[in-house]
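Chain by chain, the residues run as shown.
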Amino acid sequence: MDGVGVRRGDATLLSDVNWDVELDERWVVLGPNGAGKTTLLKLAGTEMYPSDGTVDVLGERLGKTNVFDLRPRIGLTSAAFTARVPGDELVRDVVVSAGYSVVGRWREEYDDLDTDRAAELLDLLGVAHLADRPFGTLSEGERKRVTIARALMTDPELLLLDEPAAGLDLGGREDLVARLSSLAMDPDAPASVLVTHHVEEIPPGYTHGLLLREGSIVAQGLLDDVLTEDNLSKTFDQDLELQRSGDRYFARRW
Ligand SMILES: Nc1ncnc2c1ncn2[C@@H]1O[C@H](COP(=O)(O)OP(=O)(O)OP(=O)(O)O)[C@@H](O)[C@H]1O
């Protein structure tokens with residue numbers, strides 16, 4: 001992104017964003033409610049165009065490329081997508097249909113390769129036992145994992161995760177963080193951007209951080225350099241204490 005701004009009416013959602021994500025990088029985007037994190041992810045996911053500046057995604061410039069060709073190369077999970085999945089769709093169909101860029105069951109028969117891949121991904125996310133359940137009967141945490149499996153179904157070059165751990169209980173969060181960490185450390189995994197409000201949700205293996213506040217970047221770069229008490233306090237506009245324990249981060253108010 002180069003000089004990117006997003007405006008809606010009088011509101012400035014993002015301003016002067018300059019940001020590069022390389023294919024071997026895993027980025028965390030951290031910021032308070034309303035900071036512009038989802039807007040940033042929508043630009044990266046080709047779901048929105050900038051008002052100012054330029055956005056290049058996987059070598060293609062938004063506004064000069066057919067986004068429908070680009071989207072299968074991007075895996076995206078968000079609450080908005082999850083809400084669009086029909087409740088009566090079977091979990092395995094929710095995942096396998098990603099290969100056909102549709103939500104839910106589309107064809108009576110899918111290729112064996114696709115169904116095998118979907119089963120493998122459900123297993124990777126620890127939800128293989130839910131394959132035959134209607135999506136609408138799953139808990140919040142189970143839905144998150146299924147949609148991440150779907151996002152990986154097309155072997156995307158870019159994985160965008162909007163608050164994957166939101167709404168999960170402690171065990172669910174820890175399990176998901178561990179799975180996302182394994183994925184982050186896999187050299188064949190796609191470039192990833194994970195949006196969160198909480199430093200506790202940063203999976204080990206994530207390499208870079210971007211801190212956002214009121215539509216502007218507070219800091220960006222290598223996670224270890226960027227995640228400081230000073231930067232975190234500026235981002236959340238209060239004095240925060242940051243602790244690091246092993247490869248995890250924890251924060252609280254002083
Ligand atoms: N169409 C719009 N018109 C005006 N303001 C908007 C519009 N869409 C989003 N906003 C505002 O832009 C700001 C950034 O929204 P965004 O969803 O990107 O934030 P966020 O950092 O993802 O927030 P959260 O953590 O609460 O999900 C918010 O204040 C939101 O109210």
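In the nomenclature of an unreviewed UniProt entry, the chain corresponds to ABC transporter ATP-binding protein from the organism Saccharopolyspora rosea.

## As for the sheet that holds strand 4 (residues 52–54)
Across the sheet, three strands lie side by side as 2-1-4; this open sheet has antiparallel pairing. On the outer flanks of this sheet lie strand 2 (11–17) and strand 4, each paired with one strand and no other. Direction aside, the axes of adjacent strands within the sheet are offset by 20° on average. As paired strands, strand 1 (residues 2–8) and strand 4 are joined by two bridges and run antiparallel to one another. From the neighbouring strand, Gly5 faces strand 4, where its bridge partner is Asp52.

## Digging into the environment of Val127
Relative to the elements of secondary structure, Val127 occurs in the loop between helix 5 (112–124) and helix 6 (140–152). C-alpha of Val127 to C-alpha of Ala149: the two residues are 22 residues apart in sequence and 9.1 Å apart in space. What Val127 contacts, discounting residues up to four positions off in sequence, is Leu122, Glu142, Arg145 and Val146.

## What to know about the domain arrangement of the chain
Each assigned domain of the chain is listed here: domain 1 (1–49 + 159–254) and domain 2 (59–156). Just the C-alpha atoms count here: the centres of domain 1 and domain 2 sit 23 Å apart. At the junction of the two partners, domain 1 supplies 22 residues and domain 2 supplies 22 residues. For the pair domain 1 and domain 2, the two sides together bury roughly 1800 Å², of which 65% comes from carbon and sulfur. A per-residue breakdown of the area domain 1 buries against domain 2 is headed by Thr46, Tyr49 and Arg179, which together make up 29% of the total. The interface formed by domain 1 and domain 2 includes one salt bridge. Summed over the shared surface of domain 1 and domain 2, the number is eight residue pairs in polar contact (both at pLDDT 80 or more). Broken down by secondary-structure element, the contributors of at least two residues to the side of domain 1 that touches domain 2 are helix 1 (37–44), strand 8 (158–162) and helix 7 (170–185). Per element, the largest residue contribution to the side of domain 1 that touches domain 2 is five residues, and it comes from helix 7. A per-class count over the side of domain 1 that touches domain 2 returns 14 nonpolar, three polar and five charged.

## Focus: the site of the ligand
Close to the ligand lie 13 residues, the nearest being Gly34, Lys37, Thr38, Thr39 and His197. At a separation of 3.0 Å, an oxygen atom of the ligand approaches a polar backbone atom of Ala35. In this structure, an oxygen atom belonging to the ligand sits 2.6 Å away from a side-chain N or O atom of His197. Out of a free accessible area of 640 Å², the ligand has 56% covered by protein chains. Put simply, the parts of the chain that give the shell around the ligand at least two residues each are strand 2 and helix 1.

## Description of the side chain of Arg117
With respect to the helices, strands and loops of the structure, Arg117 is situated in helix 5. Of note is the side chain of Arg117, whose polar atom sits 3.0 Å from the side chain of Asp155. Not counting the four nearest positions on each side in its chain, Arg117 is found in contact with Leu152, Met153 and Asp155.

So, how was this worked out
Residues numbered from 1 in each chain as written. Predicted model: local features only at pLDDT ≥ 70, side-chain atom pairs only at ≥ 80, totals over all residues. Heavy atoms only, no water. Pairing = 2+ DSSP bridges. Helix = DSSP H or I, 4+ residues; strand = E, 2+ residues; numbered from the N terminus. Axes fitted to C-alpha atoms, helices over the stretch in contact; angles between N-to-C directions. Contact = heavy atoms within 4.5 Å. Domains from an automatic or database assignment. Buried area = accessible area lost by both parts, 1.4 Å probe. Salt bridge = Lys/Arg side-chain N within 4 Å of Asp/Glu carboxyl O. Polar contact = N/O pair within 3.5 Å; in protein donor to acceptor, adjacent residues only side chain to side chain. Nonpolar A, V, L, I, M, F, W, Y, C, P; charged D, E, K, R; others polar. Near = heavy atom within 4 Å. Areas by Shrake-Rupley, 256 points an atom, 1.4 Å probe, with all protein chains shown as cover.

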